[in-house]
Amino acid sequence: MLHSFRLYDVLECLKNWVINMKFLFKILLVFISILGFFVGYHFKLSRFHNIEFNLSSEDFAKACRQERTGRIWKEVRLDTVFSIRNYNSNPIFYPLKVYVDSHGDIYVLDVYTPAVLKFSSRGSFIHKFGKGKGEGPGEFEQPTDFSISPDGYLYVSDLSTHLVSVFDSVGKLIQAIRIDGAPGRIVGLFDKKFIVQRFGIGDMFQKYDIAGNLLISFGKFFKEQNSYAIPIDLKMFFDGRNVYCAFIRGGYLLSYDVDGQLNYLCETIDKFPFPEVKVSQGREKDAKVIRVMLDPDAPVSALDLSVSDSLIYILAGTASKKEGAVVIDVYNKFNGKYLFSFKFSKLTDTEGIQSCVISGGNLYTCEILKGGTTCVRKYRFRIF
């Protein structure tokens, strides 16, 4: 009887692991497919070719270069405070992003639920933002990012529905705004305004109020910017005064003020070429089907970005893989100058870290665990 019970447990764990892995793979395929649509949408069928990156006005060639080409390593100490694996007895399936507000409350975007989950500074579940999967008010199809504004509003961008949903501090939906293009990353500002990085024709960034009025557009990096959705994806952060962005690929760090004026554009310590994107016509009955492939080995310079005090922290991608540890690069937020780096080993149960934020002497992470499960962790954080 004991052996049968153990066998049942093993089979049940294996079943749950397979379900989780299938879901993660499905999320990855859906995300790439939707982005791929924007990559190929504006190409005529007779023009399928490998994309060449034609620079525009805010030329990357003008980006300031770092004085150093190699990393300056500093020692760091991390002590685990707690791990969050579920809320109200529901597991956190796929935490895409973690964020911490000025009160120390923790927010997690779980794209499986899908919703933004709010926890106290001690890890206790408070409530969630969003009613689940769907296209109705307060529902999400494919949420890609969220932001907490300094005045307490929560903004969620949905790549599939083209909507930005605005919630108050207790989770009530205030407004759902359809923007011009497909919203990728987002930051909430003061006075019920926000800036969204979007995929579409024209400038990369747009500033709106929550009535849905487009206030300004800015940021033109490529001549056919709407065609480069996958490789020009980036991470964004608002520190209460300026907006900071780091390209996931390519290796660039930039800052704007809230009126769209560029403060600086700099190369990061990891300066990589943009990856090649292959666009081709599919063989399906629908002649308009477009396939997009990105080099799976293309280097990644920034998995995440956070700002604390006078410093910018970038979670490195390819460098972490090379070092066999989690690598975080630190920059001066006022001029984009590289300062130093630190690294730490993942815990024995952790497969990888896909999001992190540093705030108030603590480091918070979204971690994929071995076996297909996930968690959010809080660490005490100290650099020597």
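What you see is a predicted model; the values in this text were computed from it and never measured.

Caption draft 1: Just the overall build of the chain, in detail. Looking only at helices and strands, the chain has two helices and 28 strands in total. Across the 384 residues that make up the chain, the buried fraction comes to 52%. Nonlocal contacts in the chain, meaning residues at least 24 apart in sequence, comprise 50% of its contacts between residues at least 6 apart.

Caption draft 2: Geometry of the side chain of Ser-120. Positionally, Ser-120 belongs in the loop between β6 (115–119) and β7 (125–129). Setting aside residues up to four positions removed in sequence, Ser-120 forms contacts with Gly-104, Asp-105, Ile-106 and Ile-126.

Caption draft 3: Fine view of the environment of Lys-192. Residue position: Lys-192 is located in the loop between β12 (182–188) and β13 (193–199). For the pair Lys-192 and Ala-211, spaced 19 residues apart in sequence, the C-alpha to C-alpha distance is 8.8 Å.

Caption draft 4: Geometry of the nonpolar core. Ranked by size, the top nonpolar core spans 43 residues in total, and within it Ile-106, Phe-146, Leu-154 and Ile-312 carry the most contacts. Contacts of Ile-312, omitting those with residues within four sequence positions, involve Tyr-244, Leu-253, Tyr-264, Leu-305, Ser-306, Val-307, Asp-329, Val-330, Tyr-331, Asn-332 and Lys-333. By size, the runner-up hydrophobic cluster in this structure holds 21 residues, among which are Leu-189, Val-243, Tyr-252 and Phe-274.

Caption draft 5: Broad picture of the sheet that holds strand β27 (residues 362–369). Strand order in the open sheet formed by four strands is β1-β28-β27-β26, and the pairing between neighbours is antiparallel. Edge positions in the sheet fall to β1 (76–84) and β26 (350–359), since each has one partner strand and no second. Neighbour-to-neighbour, the strand axes of the sheet open up by a mean angle of 30 degrees, direction not taken into account.

Caption draft 6: Fine view of the pairing of strand β22 (residues 304–308). Among the five residues of β22, five are classified as buried, and the element is accordingly described as predominantly covered. A two-sided burial pattern is seen for β22, the buried positions comprising Asp-304, Ser-306 and Ser-308 on one face and Leu-305 and Val-307 on the other. In this sheet, strand β23 (residues 311–315) lies alongside β22 in antiparallel orientation, the contact comprising five bridges. Along β23, the bridge assignment pairs Asp-304 with Leu-315. In sequence, β22 turns back onto β23 through a hairpin of two residues, with Asp-309 there showing a positive phi of about 55 degrees.

Caption draft 7: Summary view of the layout of surface pockets. By volume, the second largest pocket is sized at about 720 Å³. Listed by contribution, the elements that provide at least two residues to the lining of the second largest pocket are β4 (95–100), β8 (143–148), β12, β16 (234–238), β22, β23 and β26. For the lining of the second largest pocket, the element with the most residues is β22, which contributes five residues. Of the residues that constitute the lining of the second largest pocket, the class distribution is 21 nonpolar, 14 polar and eight charged.

Caption draft 8: How the structure looks around the pattern of salt bridges. All chains considered together, the criterion is met by 15 salt bridges. The salt bridge partner of Arg-71 is Asp-329, with a shortest N-O separation of 2.8 Å. Here Arg-71, found in the loop between α1 (2–40) and β1, pairs with Asp-329, found in strand β24 (residues 326–332); they are 258 residues apart in sequence, far enough to count as distant. Here Asp-239 and Lys-333 are joined by a salt bridge, their closest N and O atoms 2.8 Å apart. Pair noted here: Asp-239 is in the loop between β16 and β17 (242–247) and Lys-333 is in the loop between β24 and β25 (338–344), with a separation of 94 residues, a long-range link. What you see here is one network of salt bridges that share partners, running through Arg-85, Asp-349, Glu-367 and Arg-377.

Caption draft 9: A look at the confidence of the model for the chain. Of all residues in the chain, 78% have pLDDT values of 70 or greater, and the mean over the chain is 84. Looking across the chain, the model is least confident in α1, with a mean pLDDT of 45, and most confident in β23, with 98. Considering only residues more than four positions removed or in separate chains, one finds that residues 1–11, a stretch of pLDDT under 50, has zero contacts. Contacts for the low-pLDDT stretch residues 21–49, under 50 throughout, to residues beyond four places or in other chains number 59 contacts.

Caption draft 10: Spatial organisation of the packing of aromatic side chains. Applying the stated criterion to the full structure yields 25 aromatic pairs. For the pair Tyr-155 and Phe-194, a centre-to-centre distance of 5.3 Å together with 45 degrees between the ring planes defines the contact as tilted. Placement of Tyr-155 in strand β9 (residues 154–158) and of Phe-194 in strand β13 is noted, with a sequence separation of 39 residues between them. Like Tyr-155, the residue Phe-194 is buried in the burial classification. With centroids separated by 5.5 Å and ring planes inclined at 65 degrees, the aromatic side chains of Phe-205 and Tyr-256 adopt a geometry described as edge-to-face.

Caption draft 11: Representation of the state of the cysteines in the model. Within this structure, the stated rule accounts for one disulfide. Each disulfide pairs two cysteine sulfurs, and for Cys-64 the partner residue is Cys-266, the sulfurs being separated by 1.9 Å. Residues Cys-64 and Cys-266 share a disulfide whose torsion about the S-S bond is about 115 degrees; that sign makes it right-handed. One end of the pair, Cys-64, is in the loop between α1 and β1; the other, Cys-266, is in strand β19 (residues 262–267), and 202 residues separate them in sequence. A relative accessible area of 34% places Cys-64 in the partly exposed class. Cys-375 supplies the cysteine sulfur nearest to Cys-366, a cysteine that is in no disulfide, at a spacing of 8.8 Å.

Caption draft 12: Geometry of unusual backbone geometry. Following Thr-113, the chain continues to Pro-114 via a peptide bond in cis, the omega torsion being -25 degrees. Mapped onto the secondary structure, Pro-114 falls in the loop between β5 (106–110) and β6. Notably, His-162 is not glycine yet its phi reads approximately 65 degrees, a positive angle. Look at His-162 and you get partly exposed, because its relative accessible area is 24%.

Calculation rules
Every residue gets a number counted from 1 within its own chain, in the order that chain's sequence is written. With the structure being a predicted model, the display of local features is reserved for residues of pLDDT at least 70 and the display and counting of side-chain atom pairs for 80 or more, all residues being used for whole-chain, interface and lining totals. Side-chain measures were taken over the full set of non-hydrogen atoms in the model, leaving aside hydrogen atoms and water. Counting from the N terminus, the helices are DSSP H or I runs at least four residues long and the strands are E runs at least two residues long. Throughout this description, buried means an accessible area under 20% of the type-specific maximum (1.4 Å probe, protein chains only), exposed means over 50%, and partly exposed covers the range between. Any pair of residues with heavy atoms lying within 4.5 Å of one another is described as a contacting pair. Within this scheme, the nonpolar core is defined by two criteria: the residues are buried Ala, Val, Leu, Ile, Met, Phe, Trp, Tyr or Cys, and they are joined through side-chain atoms within 4.5 Å. In this scheme, strands are said to pair when DSSP sees at least two bridges between them. To define axes, lines are fitted to C-alpha atoms, for helices over the stretch in contact only, and angles between the resulting N-to-C directions are given on a 0 to 180 degree scale. Throughout, the protein atoms alone are placed on a 1 Å grid, and a set of points is a cavity if a 1.4 Å probe fits but cannot get out or a pocket if it is open with protein on both sides within 12 Å along at least five of seven lines; lining residues have an atom within 4 Å of a point. Grid points are joined across faces, edges and corners, and a volume is the space filled by probe spheres set on the points. Each residue receives one of three labels: charged for Asp, Glu, Lys and Arg, nonpolar for Ala, Val, Leu, Ile, Met, Phe, Trp, Tyr, Cys and Pro, and polar for the others, Gly being one of them. Here, a salt bridge means any side-chain nitrogen of Lys or Arg that lies within 4 Å of a carboxyl oxygen of Asp or Glu. Note on scores: pLDDT gives the predictor's confidence for each residue, bounded by 0 and 100. Between rings of Phe, Tyr and Trp, where Trp is taken as its six-membered ring, a pair exists when centres lie within 6.5 Å; planes separated by under 30 degrees are stacked, by over 60 edge-to-face, and by other angles tilted. Cysteine sulfur atoms are paired as a disulfide whenever they come within 2.5 Å of each other.

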